[in-house]
Amino acid sequence: MKMKKSNPFPYGKFCFADFCGDQAKLDKKRTETGRHPDRKNARKRDSQDICFVPDGDYVGFITRCVGHESPTGPFVDREGRVLGQHKGFIRYTKGQHKGLDLAIEPPLYVLRKDPADHAVYLGHNEDLFTSELIAGDWNWISIPALTAPMTVTVKTRYSQREAEAVAEPLSGGQVRLRFREPQRAVTPGQFVVLYDGDAVVGGGVILE
């Protein structure tokens, strides 16, 4: 029996509605409440940021929580050359181009970060694409577990289109996803969700 799309990360884990929720129900809710002309929030813009950081200053929020500034470190290219110093480790995410403040052509993007020395590694846009990923900490929804290769569609970011892939079980409960077409800026630590048509197969945490 197939289960309709639902939250594959229950028990307190965050997940965007557009990422793994029922889009039809979300649209219906917006129509009946948030977009009704007589409602208080009828003309209020949708939130595009972290709900508990209303001013969008997540760097300031994290700084206040941990009690100190994010450490600085070097910008490093793929050949190991230091290109400059960044303004704080938490200010950069994989795939980011804006805010690097480096006058270098062609443009550079964040490829990865190394917490050991707070280095931020940069490269070109084509360096951001990958044909596979490995994920763990799976929560299976429409199947008990993945025991054989399965063709699925995948989201690694809540706003992206679903991408075709083959999911292959690995030891230790991990899964390898091989994409039909390379995907941009797949980021360790973020969630990946698998779909089979309208059903959510499951979700896990990207490891590499």
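Conventions used here
Residues numbered from 1 in each chain as written. Predicted model: local features only at pLDDT ≥ 70, side-chain atom pairs only at ≥ 80, totals over all residues. Heavy atoms only, no water. Pairing = 2+ DSSP bridges. Helix = DSSP H or I, 4+ residues; strand = E, 2+ residues; numbered from the N terminus. Axes fitted to C-alpha atoms, helices over the stretch in contact; angles between N-to-C directions. Phe/Tyr/Trp six-rings, centres within 6.5 Å; stacked < 30°, edge-to-face > 60°. Buried < 20%, exposed > 50% of the residue type's maximum accessible area, 1.4 Å probe, protein only. Lys NZ or Arg CZ within 6 Å of the ring centre and 35° of its normal. Arc of directions from axis to C-beta. Core = buried A, V, L, I, M, F, W, Y, C linked by side-chain atoms within 4.5 Å. Contact = heavy atoms within 4.5 Å. Polar contact = N/O pair within 3.5 Å; in protein donor to acceptor, adjacent residues only side chain to side chain.

S.K.: Help me get a handle on the sheet that holds strand E10 (residues 199–206), residues and values and all.
M.R.: With respect to topology, six strands assemble into a closed barrel ordered E5-E8-E7-E6-E9-E10, the strand pairing being antiparallel. Adjacent strand axes in the sheet meet at a mean angle of 45 degrees when their direction is disregarded. As paired strands, strand E7 (residues 163–169) and strand E8 (residues 175–184) are joined by five bridges and run antiparallel to one another. Paired with Pro169 across the two strands is Val175, which belongs to E8.

S.K.: Hey, could you go over the packing of aromatic side chains for me, with residue numbers and the actual values?
M.R.: Enumeration according to the criterion identifies two aromatic pairs in this entry. Where Phe75 meets Tyr92, the ring centres are 5.4 Å apart and the plane angle is 80 degrees; that geometry is what we call edge-to-face. Placement of the pair is Phe75 in strand E1 (residues 74–76) and Tyr92 in the loop between strand E2 (82–85) and strand E3 (109–114), with a sequence separation of 17 residues. For the ring pair Trp138 and Trp140, a centre distance of 4.7 Å and an interplane angle of 5 degrees mean the geometry is stacked. By relative accessible area, which is 13% here, Trp138 ends up buried. Directly above the aromatic system of Tyr121 lies the positively charged group of Arg112, at a separation of 3.9 Å from the ring centroid. Across the ring face of Phe89, the terminal group of Lys113 is positioned such that the distance to the ring centre comes to 4.4 Å.

S.K.: Give a detailed account of helix H3 (residues 58–66), specifying residues and quantitative values.
M.R.: All buried positions along H3 are accounted for by Val59, Gly60 and Thr63. Around the axis of H3, the buried residues are gathered within 95 degrees of arc, so they sit on the same side. Positive backbone phi, at 85 degrees, marks Gly67, one or two positions downstream of H3.

S.K.: Kindly report on the pairing of strand E5 (residues 129–140), identifying the contributing residues and their values.
M.R.: Pairing of E5 with E8 involves six bridges; the strand directions are antiparallel. By the bridge assignment for E8, Phe129 is matched with Arg184. Bridge count between E5 and E10: four bridges; the pairing is antiparallel. Paired with Trp140 across the two strands is Gly202, which belongs to E10.

S.K.: Give a detailed account of the nonpolar core, specifying residues and quantitative values.
M.R.: Trp140, Val154, Leu177, Val192 and Leu194 are the most contacted members of the largest nonpolar core, which has 20 residues in total. At the level of secondary structure, the elements contributing two or more residues to this core comprise E5, strand E6 (150–155), E7, E8, strand E9 (191–196) and E10. When residues of this core are assigned to their parent elements, the largest contribution, four residues, is made by E5. Among residues more than four places away in sequence, those in contact with Leu194 are Trp138, Trp140, Val152, Thr153, Val154, Ala167, Leu177, Ala199, Val200, Val201 and Gly202. Of all hydrophobic cores here, the second largest spans eight residues; its members include Tyr92, Leu100, Leu108 and Val110.

S.K.: Just give me the short version of the environment of Thr187, but keep the residues and values in it.
M.R.: Checked against the element boundaries, Thr187 lands in the loop between E8 and E9. Each C-alpha atom of the pair Thr187 and Gly95 lies 8.8 Å from the other, and the pair is 92 residues apart in sequence. Leaving out residues up to four positions away in the same chain, Thr187 has contacts with Lys94, Arg157 and Ile206. Among the polar contacts made by the side chain of Thr187, one reaches the main-chain carbonyl oxygen of Ala185 at a distance of 3.0 Å.

S.K.: Account for the side chain of Gln160, with residues named and values stated.
M.R.: Here Gln160 is to be found in the loop between E6 and E7. Judged by its relative accessible area of 18%, Gln160 falls in the buried class. Engagement of the side chain of Gln160 in a polar contact is seen with the side chain of Gln183, the distance being 3.4 Å.

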